[in-house]
Amino acid sequence: MEIIEIDRLGQLPPSLHRNLYVDCERNECSHPNHASIAGKMPSSWILYDFPQAMICDNSIAGPMRSPLSFLLQQNKFWFPSGEQVSQMLQRSDFELISMPGVAIQLSACCGWHFNHFALDSLIRLAAVYERLLSHDPVWREAKIIMPFGEHGFESSIHELKPTVRWILEKLGLIDRLHPNNGWLAKAKQAHYFDRVFMPDVDIHFRSKNSQAVNLPIFTRNILRPIQKALGVLDDSVERNLILWADREGLIRGVCPDRKREILSQLQRCLDRFHQENPEAKRLEIHEFQHSTAEADCQLIKRAVAILGPHGQQLWNMIFSQPGTLVLEFATWEDLFEAKDNRPCGYSIANAAGHSYHVIETENFDHFFGRNVRPDTEAILIVIQSYLFNDQRERS
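Conventions used here
- Residues numbered from 1 in each chain as written.
- Predicted model: local features only at pLDDT ≥ 70, side-chain atom pairs only at ≥ 80, totals over all residues.
- Heavy atoms only, no water.
- Core = buried A, V, L, I, M, F, W, Y, C linked by side-chain atoms within 4.5 Å.
- Buried < 20%, exposed > 50% of the residue type's maximum accessible area, 1.4 Å probe, protein only.
- Helix = DSSP H or I, 4+ residues; strand = E, 2+ residues; numbered from the N terminus.
- Contact = heavy atoms within 4.5 Å.
- pLDDT = per-residue confidence, 0-100.
- Pairing = 2+ DSSP bridges.
- Right-handed = clockwise from strand over helix to strand, strands pointing away.

### Observations concerning the nonpolar core
Here is step 1 of the chain: With 71 residues, the main nonpolar core has Leu 125 and Ile 167 as its most contacted residues.
Here is step 2 of the chain: The dominant element in this core, judged by the number of residues it contributes, is helix α2 (residues 114-132), at twelve residues.
Here is step 3 of the chain: Residue contacts for Ile 167: discarding those within four places in its chain leaves Phe 114, Phe 117, Leu 122, Leu 230, Ile 318 and Phe 319.
Here is step 4 of the chain: Leu 263, Leu 283, Leu 325 and Leu 327 belong to the second-largest nonpolar core, a separate cluster that totals 26 residues.

### Considerations on the confidence of the model for the protein
Any segment with low pLDDT has predicted coordinates that should not be analysed in fine detail.
Here is step 1 of the chain: Confidence in the prediction of the protein, expressed as mean pLDDT, is 80, and 74% of residues score 70 or more.
Here is step 2 of the chain: The model gives residues 63-81 a pLDDT under 50, and that stretch makes 79 contacts with residues more than four places away or in other chains.

### What about helix α10 (residues 344-352)?
Here is step 1 of the chain: Taken across its nine residues, α10 has nine buried, putting it largely inside the fold.
Here is step 2 of the chain: Those residues of α10 that sit buried are Cys 344, Gly 345, Tyr 346, Ser 347, Ile 348, Ala 349, Asn 350, Ala 351 and Ala 352.
Here is step 3 of the chain: After α10 finishes, the residue Gly 353 shows a positive phi value of roughly 80 degrees.

### Structural notes on the pairing of strand β14 (residues 284-287)
Here is step 1 of the chain: Relative to β14, strand β13 (residues 241-244) runs parallel, the two being bridged by four bridges. If you follow Trp 244 over to β14, its bridge partner there is Glu 287.
Here is step 2 of the chain: Running through helix α6 (residues 256-276), the crossover from β13 to the neighbouring parallel element β14 is right-handed.

Set out below in structure tokens:
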């Protein structure tokens, strides 16, 4: 971890811009509809330390309303550009309110929803979690900035979705939250503090065929302190589940016929594995259905593999032990190469230390795709490799 202290807010000199790049290459696997990321991701990250800084959406500006030249964000298309931030700060009805003390900027857009919280706020929180609980007086009193609901500063902490609230209570941080605007376009005010910390845990990686300039990916294993605090790293928990995490009936949900085919083939694969390896640990397939946050966490800790389409059901992988096999039903192009790319699943898997695979999926679309059809054969190849090769090596 590197700390960069900013003496004066305004335009950041180019030398202080994050310049960590790795090449994103598709790892050619044994099936054309199965892919994984080639190479390993670095684990370094940066903590920015700003004096007299204003927090506005997912950006930071000085009290003179001069925005910084960058925004720290995991999904660039959800947040406004630097020009938009500048325009908002110049509005005559936009109020700046001075707040004493220290703040930690985590996220903006929709952070009260588990979907956005898991793929943005929680990862940044993990980077500074141990410092927040330390005896350092600066960190001990620091406020945690994130939106509670769609009403910005007027939102109540009770607007946090149940799983988000449970996680923050479990981490012992619920009383240190400070509300923030969820959408800059609707904001009427912003708070600035004596000192603001902002963790930058992104790796910007390049794809040869990508239309996008930078694809931000979270640093490897950055989620470990959170996993430890939530009890995810408990070695006494028996891991014996292959979790099917579908979005049944929703956008990107798996076609019922394809679901039955996949689950039937997976069960046959398991039966054959146990017949050939009678001494091996008994594994079973479980269809995940959301219950309470605590019950979900206890269940998902037992997973050796999680399969599902792009979306928050799959994001529950934050509750699974490092090394879990993650299969995301999507397309390589949509996740890593399209102009509107969304490598969220890989970001979370990388942060949690999991083994990640893309299963090419017909009918996939982020906003309109229903009854998607992941490739059954590609799924079986990944699971069979885990069972008959990886499992034997571990035993």
